[in-house]
Amino acid sequence: SSRANTMFKFTYQGFILLGIAASYGIVRVSRAVFMKGLGRRRVVRSVVAIVSASLLATTLQYPIVATFQWVPAEGAYLGLDGSSWRKTRTETTTQVNGDNQTYDPREDAELITWINAHVQGQPVVLEATGVSYSHFARISAYTGLPTVVGWEVHEWLWRSTKSSPTPLDTVVRPRQADVETIYTTQDSDLAQQLLAKYHVKYIVVGQLERLRYPSLDADALSTLGQVVYKSGDSRIILVG
């Protein structure tokens, strides 16, 4: 399977079966150890029991290690609001064009709040594209609105079908190229054609867009529609 992370989900069921088998095995091994007689079979079973018990004991550290990993340190708990960190963090890093660059999420927090409060329906929002497990696709993630293309690897995995067996080259990268063209071209007619192709209603210009596309011209993009939101270096352009 090309979806490697689907395979590890089978371990959830596998561990349930392992737990059932281990419980039964512990009982059988225990009976073998304490059975009467000093025959060869008892010696073999005793060795098996010792080895099995040792292997089982190594797994007992997991609850302790895991607890320290998911329990936050004192003062680190941020509550149940998964977006609150954007309002309090002053900087973080994200992978941009192959390098880790500093990114301040606070302007995005205001921008996302505005979208959630003012945008109705499910219009397509244009935002910068980037690699998986980065801060890219943050607008679509925190608003629920569709975008042209999301995280590179995840889009590649989701769009793999019999009719499109190599979606990274045939679907994802062409969309990434089109998004970059919209943000960087000086040809307004070409930009309008691509916006119409993907039914884009709003263009987001934020810090990540400027980092991802150094040649981005926010003023030129603003001529493609109406600026309906502006704060700091961030703006939202209503197309058409």
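Anything mentioned here points back to the structure above.
The structure presented is a predicted model; accordingly, all values stated were derived computationally and were not measured.

### Points about the overall build of the protein
The secondary structure content of the protein amounts to 12 helices and 6 strands. Here the C-alpha radius of gyration of the protein, 27 Å, is well above what a compact globule of 240 residues would show, namely 18 Å. If you line up the protein on its principal axes, its C-alpha atoms span 90 × 50 × 35 Å. By the burial criterion, 33% of the 240 residues in the protein qualify as buried. Summed over its atoms, the accessible surface of the protein is roughly 15100 Å², and 60% of this surface lies on carbon and sulfur atoms. Once the 24 positive and 20 negative side-chain charges of the protein are each reduced to a mean point, those two points are 24 Å apart.

### Notes on the packing of aromatic side chains
Within the structure shown, the criterion is met by 3 aromatic pairs. Ring centres 5.6 Å apart and planes at 45° place the aromatic pair tryptophan 114 and tyrosine 229 in the tilted group. Taken together, the residues tryptophan 114 in helix α6 (residues 106-118) and tyrosine 229 in strand β5 (residues 225-231) connect sequence positions 115 residues apart. The class of tryptophan 114 is buried, set by a relative accessible area of 18%. Consider the rings of tyrosine 133 and tryptophan 151, whose centres lie 5.4 Å apart with planes at 50°: the pair is tilted. In this pair, tyrosine 133 sits in the loop between β3 (124-126) and α7 (138-143) while tryptophan 151 sits in the loop between α7 and α8 (152-158), placing the two residues 18 residues apart along the sequence. Taking relative accessible area as the criterion, tyrosine 133 reaches 68% and is therefore assigned exposed. Relative accessible area serves as the criterion here: at 25%, tryptophan 151 is assigned to the partly exposed category.

### Examining the pattern of salt bridges
Here the structure, examined in full by the defined rule, presents 8 salt bridges. Measuring nitrogen to oxygen at the nearest pair gives 2.7 Å for the salt bridge that ties aspartate 104 to arginine 106. Across the salt bridge formed by arginine 173 and aspartate 169, the nearest N and O atoms sit 2.9 Å from each other. With arginine 173 and aspartate 169 both in helix α9 (residues 167-184), this residue pair falls 4 residues apart, about one helical turn. Through salt bridges that share partners, Asp108, Glu127, Arg138 and Glu209 make up one connected network.

### Some words on the sheet that holds strand β6 (residues 234-239)
The strands making up a sheet associate through backbone hydrogen bonding, with each pair oriented either parallel or antiparallel. Ordered by their spatial adjacency, 4 strands build an open sheet running β3-β4-β6-β5, and the pairing between neighbours is mixed. Here the strands that pair on one side only, and so sit at the sheet edges, are β3 and β5. Between one strand axis and the next, the sheet turns through 25° on average, direction left out of account. Pairing geometry for β5 and β6, over 6 bridges, is antiparallel. Among the inter-strand pairings, tyrosine 229 is bridged to a residue of β6, identified as isoleucine 236.

### Structural notes on the nonpolar core
Counting 28 residues, the largest nonpolar core has Leu126, Tyr183, Leu195, Val200, Ile203, Val205 and Leu221 as the members making the most contacts within it. At the level of elements, β3, α9, α10 (188-197), β4 (200-205), α12 (218-222) and β6 are the ones that each hand at least two residues to this core. The element best represented in this core is α9, accounting for 5 residues. Aside from chain neighbours lying at most four places away, what touches leucine 126 is Thr147, Val148, Val179, Ile182, Tyr183, Leu195, Val200, Tyr202, Ile203 and Val204. Ranked by size, the runner-up nonpolar core spans 12 residues in total, among them Leu111, Ile112, Val119 and Ile236.

### Some words on the environment of isoleucine 115
Its place among the elements puts isoleucine 115 in helix α6. Residues isoleucine 115 and threonine 143 lie 28 residues apart in sequence; the distance between their C-alpha atoms is 7.1 Å.

### Overview of the environment of valine 48
Tracing the backbone through its elements, the reader meets valine 48 in helix α3 (residues 40-59). In this structure valine 48 comes out as partly exposed when scored by relative accessible area, which is 43%. As a C-alpha pair, valine 48 and valine 29 span 19 residues in sequence and 7.8 Å in three-dimensional space.

### What about α9?
Between the first and last C-alpha of α9 there are 24 Å, a value that for 18 residues agrees with the 26 Å anticipated at 1.5 Å per step. The largest bend in α9 amounts to roughly 30° and is located at arginine 173, with the proline proline 174 lying one to four residues further along. Of all the positions in α9, only Pro167, Leu168, Val171, Val172, Gln176, Asp178, Val179, Ile182 and Tyr183 are classed as buried.

Calculation rules
Residues numbered from 1 in each chain as written. Predicted model: local features only at pLDDT ≥ 70, side-chain atom pairs only at ≥ 80, totals over all residues. Heavy atoms only, no water. Helix = DSSP H or I, 4+ residues; strand = E, 2+ residues; numbered from the N terminus. Rg over C-alpha atoms; globule rule 2.2 N^0.38 Å. Buried < 20%, exposed > 50% of the residue type's maximum accessible area, 1.4 Å probe, protein only. Areas by Shrake-Rupley, 256 points an atom, 1.4 Å probe, with all protein chains shown as cover. Lys, Arg positive; Asp, Glu negative; His and termini not counted. Charge placed at Lys NZ, Arg CZ, Asp CG, Glu CD. Phe/Tyr/Trp six-rings, centres within 6.5 Å; stacked < 30°, edge-to-face > 60°. Salt bridge = Lys/Arg side-chain N within 4 Å of Asp/Glu carboxyl O. Pairing = 2+ DSSP bridges. Axes fitted to C-alpha atoms, helices over the stretch in contact; angles between N-to-C directions. Core = buried A, V, L, I, M, F, W, Y, C linked by side-chain atoms within 4.5 Å. Contact = heavy atoms within 4.5 Å. Expected span 1.5 Å × (residues − 1). Bend = angle between axes of the 7 residues up to and from the residue.

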